[in-house]
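Structural characterization, general
Chain by chain, the residues:
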Amino acid sequence: MGPEEKELFTPALQAELLVLFGLLTSQDERVVVDLGDSPHAKGMKVLVPQERAGDPDFLHRHKQRVAAEAEQREQDRREVEAIARASGMEP
């Protein structure tokens, strides 16, 4: 995503997209919860069942999982760039 697209992808837009996604995919009532920041994922928001939105243990586990996935994507990106450089390609 380029800088112009990133500028348009605001936290408010992210929350609205999550609500829309929840309406389209779930029969349960879901709410958007802000999980905050982690080293590789800023302003994490998640769509959870309403009864789980106040469960700090559930939210903490979810945040850890999302942060671990973001960390893995970052490691994968660095690895692909290193392979590209070693192959003489511009990453």
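Residues numbered from 1 in each chain as written. Predicted model: local features only at pLDDT ≥ 70, side-chain atom pairs only at ≥ 80, totals over all residues. Heavy atoms only, no water.

Structurally, Pro49 can be placed in strand β2 (residues 41-49). Assessed through its relative accessible area of 15%, Pro49 is described here as buried. Sequence spacing of Pro49 and Arg30 is 19 residues, and the spatial spacing of their C-alpha atoms is 4.3 Å. Residue contacts for Pro49: discarding those within four places in its chain leaves Glu29 and Arg30. (Helix = DSSP H or I, 4+ residues; strand = E, 2+ residues; numbered from the N terminus. Buried < 20%, exposed > 50% of the residue type's maximum accessible area, 1.4 Å probe, protein only. Contact = heavy atoms within 4.5 Å.)

Attention shifts here to the nonpolar core. Residues Val33, Leu35, Met44, Val46, Val48, Phe58 and Leu59 constitute the largest nonpolar core, which totals seven residues. Within the residue set of this core, elements represented by two or more residues are β1 (30-38), β2 and α3 (56-86). The greatest single-element share of this core, amounting to three residues, is contributed by β2. Beyond its immediate stretch of four places on either side in the chain, Val48 contacts Glu29, Arg30, Val31, Val33, Ala53, Phe58 and Leu59. (Core = buried A, V, L, I, M, F, W, Y, C linked by side-chain atoms within 4.5 Å.)

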